[in-house]
Amino acid sequence: MALGDRLKELREKHHLTQYRLAKLSGVSQSHISEIESGDKEPTTGTLMKICSAMGLTLAEFFAEETPSLPPDLRQLLKEAESLTPGQRQKLIEFLKSIKSK
């Protein structure tokens, strides 16, 4: 699958318009359109910005199978990775406390 086709597939799967993805990623809407149409190839940095806006890693972008976790859960896991073990435990306790409400 061409890179532009993959971008469009993932963008639509995440229910994002080109405009919204542009706002989230900091990449212009016209550039996203040019990538999707195959007129331009993104730099690695540009692709990383786009992937980050969708909550994806570059590996997930290029994986043949679409990731099974929704973007918000992937983002939560990504943020949790940088926490200390103690902070993670507090996060778990917090999540349990709001779940029971």
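Please refer to the structure higher up on the page.
If you're wondering where the values come from, they're calculated on a predicted model, not measured in any experiment.

Rules used throughout
- Residues numbered from 1 in each chain as written.
- Predicted model: local features only at pLDDT ≥ 70, side-chain atom pairs only at ≥ 80, totals over all residues.
- Heavy atoms only, no water.
- Helix = DSSP H or I, 4+ residues; strand = E, 2+ residues; numbered from the N terminus.
- Patch = residues over 30% accessible without salt bridge, like charges linked within 9 Å, V, L, I, M, F, W, Y side chains within 5 Å.
- Areas by Shrake-Rupley, 256 points an atom, 1.4 Å probe, with all protein chains shown as cover.
- Salt bridge = Lys/Arg side-chain N within 4 Å of Asp/Glu carboxyl O.
- Buried < 20%, exposed > 50% of the residue type's maximum accessible area, 1.4 Å probe, protein only.
- Contact = heavy atoms within 4.5 Å.
- Arc of directions from axis to C-beta.
- Phe/Tyr/Trp six-rings, centres within 6.5 Å; stacked < 30°, edge-to-face > 60°.
- Polar contact = N/O pair within 3.5 Å; in protein donor to acceptor, adjacent residues only side chain to side chain.

Visitor: I tried to follow the environment of Leu76 on my own but got confused; where do I start?
Guide: You can see Leu76 is positioned in helix α6 (residues 71-81). Linking Leu76 and Ile32, residues 44 residues apart in sequence, is a C-alpha distance of 26 Å.

Visitor: I'm lost on a nonpolar patch on the surface in this one. Help?
Guide: Together, Leu69, Leu73, Leu76, Leu77, Phe94, Leu95 and Ile98 line one region of the surface with nonpolar side chains, adding up to about 590 Å² of accessible area. When residues of the nonpolar patch are traced back to their parent elements, those giving at least two are α6 and α7 (85-99). Assessed through its relative accessible area of 36%, Leu69 is described here as partly exposed.

Visitor: Got a minute to help me understand the environment of Leu16 in this structure?
Guide: Checked against the element boundaries, Leu16 lands in the loop between α1 (3-13) and α2 (18-25). Residues Leu16 and Asp39 lie 23 residues apart in sequence; the distance between their C-alpha atoms is 21 Å. Leave out the neighbours within four places in its chain, and Leu16 touches Arg11, Leu21, Leu24 and Met54.

Visitor: Please explain unusual backbone geometry as it appears in this structure.
Guide: Glycine aside, residues mostly have negative phi angles, and peptide bonds mostly take the trans form. Phi is positive for His15, close to 55°, though the residue is something other than glycine. Relative to the assigned elements, His15 resides in the loop between α1 and α2. You can call His15 exposed: its relative accessible area is 74%.

Visitor: What is the right way to look at the pattern of salt bridges in this model?
Guide: Opposite charge on two side chains lets them pair, provided their charged atoms get close. Taken as a whole and assessed by the stated rule, the structure comprises 3 salt bridges. Where Arg11 meets Glu36, a salt bridge forms, and the shortest distance between an N and an O atom there is 2.5 Å. On the criterion of sequence distance, the pair formed by Arg11 in helix α1 and Glu36 in helix α3 (residues 29-36) is long-range, its members being 25 residues apart. We note that Arg11, like Glu36, is buried. The partner of Glu34 in a salt bridge is Lys40, and the shortest N-O contact between them spans 3.9 Å.

Visitor: Could you clarify how one ought to interpret α3 in this entry?
Guide: Listing the buried residues of α3 in full gives Ile32, Ile35 and Glu36. Here the buried residues of α3 occupy an arc of 95° about the axis, which is enough to place them on one side. Elements in contact with the buried residues of α3: α1, α2 and α4 (44-53). Once α3 ends, the next one or two residues include Gly38, with phi positive near 85°.

Visitor: Which parts of the structure should I look at to understand the packing of aromatic side chains?
Guide: Geometry of an aromatic ring pair is reported as the spacing of the ring centres plus the angle between the planes. For the structure on display, the rule yields 1 aromatic pair. Judged by centre distance (5.0 Å) and plane angle (80°), the rings of Phe61 and Phe62 are edge-to-face.

Visitor: Mind showing me how you'd approach the side chain of Arg6 here?
Guide: Structurally, the position occupied by Arg6 is in helix α1. Judged by its relative accessible area of 7%, Arg6 is buried. A polar contact of 3.2 Å, which involves the side chain of Arg6, links it to the backbone oxygen of Glu60. Polar contacts involving the side chain of Arg6 include one to the main-chain carbonyl oxygen of Phe61, which spans 2.7 Å.

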